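# Topology and contacts: notes
In case you want the letters, here they are:
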Amino acid sequence: MTRQHTGAWGWLLAVVVAVAFSGLGAWQLQRMHEKEALLAQVPPSRAAAVPLQAAMQAPEALHWVKDRLEFLPGLLLLDNQLRDGRAGVKLYQPARAANGAVVLVDLGWLPLPADRQLPPLQPQQGWQALEGLWAPAPAAGLKLGPALAAGKQPGTWLATRIELPAIAQALQLPADRLAPRVLRLDPALPVGYARDLDLLPNTLPPSRHLGYAVQWFGMALAVLLIPVVLAWRRRRHGGGH
């Protein structure tokens, strides 16, 4: 292979890597803007609580939801969730409103022991009066591998991220009935496990996403500068003879 061909392949590789790094930087900027938009919303008043159906009609806004819902079979265990520096899982269970709409209810957080063996989990049963914050699920991050795997306990699923189509299929729910956000239960309710209403749980603040974006774009620029410097040095070296 001639030096010219080697240089062309080097440039092609540099462009491919730079495009990939730039894509990661753009993704970090997108996550920053999404979180800034979420934090800019005025927290909803409990006095202005709405039923689930009303929340689904304005899905991008924060709502305080108060409704009577029927818990459905199936427990979703969202892995890699930190609380007070400890690793654990967040538990979600589907619940249905009177009009048939289904929402994943955040039941709270459980710590994972060293052997990752949870005690037997008892799903909620029947109709219950519930209230909480209608909000986005925890951020998914980079989507690597399948979203769900069957849990060791019958009727449970271990999830690496909240991916609604996969969840609807696993729980045998109509995809068009599953709400695009989750219901984060009021911590005062005597239901479930430890929980709070932090808008950005277990995730990075917008400023960190901006920092990572700058790093990715900087790496993309560096990758493109390397072949430029090498070509300049080759020409300079060749011109010296």
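Scroll up to find the structure this text is about.
What comes next is a walk through the structure. (Residues numbered from 1 in each chain as written. Predicted model: local features only at pLDDT ≥ 70, side-chain atom pairs only at ≥ 80, totals over all residues. Heavy atoms only, no water.)

The subject of this paragraph is the pairing of strand β2 (residues 75–83). In this sheet, strand β7 (residues 156–159) lies alongside β2 in parallel orientation, the contact comprising four bridges. Paired with Leu75 across the two strands is Thr156, which belongs to β7. Here β2 runs beside strand β3 (residues 86–96); their pairing, made up of six bridges, is antiparallel. When the sheet's bridge partners are listed, Leu77 is paired in β3 with Leu91. Between β2 and β3, which pair antiparallel one after the other, the connecting turn spans two residues, and Asp84 there sits at a positive phi close to 55°. (Pairing = 2+ DSSP bridges. Helix = DSSP H or I, 4+ residues; strand = E, 2+ residues; numbered from the N terminus.)

This paragraph deals with the pattern of salt bridges. Side-chain pairs of opposite charge can arise whenever the charged atoms involved come near each other. Tallied over the full model, the rule gives seven salt bridges. Across the salt bridge formed by Glu60 and Arg181, the nearest N and O atoms sit 3.7 Å from each other. Pair noted here: Glu60 is in the loop between α2 (52–57) and β1 (63–71) and Arg181 is in strand β8 (residues 178–185), with a separation of 121 residues, a long-range link. With a relative accessible area of 10%, Arg181 lands in the buried category. For Arg161, the salt bridge goes to Glu163, with nearest N and O atoms at 2.9 Å. Judged by relative accessible area, Arg161 falls into the buried class, the value being 7%. Among the ionic contacts, a cluster of salt bridges with common partners joins Arg83, Lys90, Asp106, Arg184 and Asp196. (Salt bridge = Lys/Arg side-chain N within 4 Å of Asp/Glu carboxyl O. Buried < 20%, exposed > 50% of the residue type's maximum accessible area, 1.4 Å probe, protein only.)

Among the eight residues in β8, seven count as buried, and that is most of the element. Bridge count for strand β4 (residues 102–111) against β8 is four bridges, and the pairing is parallel. Across the sheet, residue Val102 finds its bridge partner in β8, namely Leu178. Sheet topology places strand β5 (residues 127–135) next to β8; four bridges connect them, and they run antiparallel. In the strand pairing of β8, Ala135 is matched with Val182.

Moving on: the nonpolar core. Core analysis: the largest hydrophobic core is formed by 25 residues, its most contacted members being Leu52, Leu69, Val103, Val105, Leu107 and Leu185. Put simply, the parts of the chain that give this core at least two residues each are α2, β1, β2, β3, β4, β5 and β8. Sorting elements by how many residues they give to this core places β4 first, with four residues. (Core = buried A, V, L, I, M, F, W, Y, C linked by side-chain atoms within 4.5 Å.)

Here we take up the layout of surface pockets. The calculated volume of the second largest pocket comes to roughly 340 Å³. With three residues, the top contributor of residues to the lining of the second largest pocket is β7. Here the residues of the lining of the second largest pocket sort into nine nonpolar, four polar and two charged. (1 Å grid on protein atoms, 1.4 Å probe; cavity = no way out; pocket = protein on both sides within 12 Å on 5 of 7 lines; lining within 4 Å. Points joined across faces, edges and corners; volume = space filled by probe spheres on them. Nonpolar A, V, L, I, M, F, W, Y, C, P; charged D, E, K, R; others polar.)

This next bit is on a nonpolar patch on the surface. Together, Trp11, Val15, Val19, Leu221, Leu224, Leu225, Val228 and Val229 line one region of the surface with nonpolar side chains, adding up to about 670 Å² of accessible area. Those elements giving two or more residues to the nonpolar patch turn out to be α1 (3–40) and α4 (206–239). Its location among the elements puts Trp11 in helix α1. The class for Trp11 is partly exposed, based on a relative accessible area of 35%. (Patch = residues over 30% accessible without salt bridge, like charges linked within 9 Å, V, L, I, M, F, W, Y side chains within 5 Å. Areas by Shrake-Rupley, 256 points an atom, 1.4 Å probe, with all protein chains shown as cover.)

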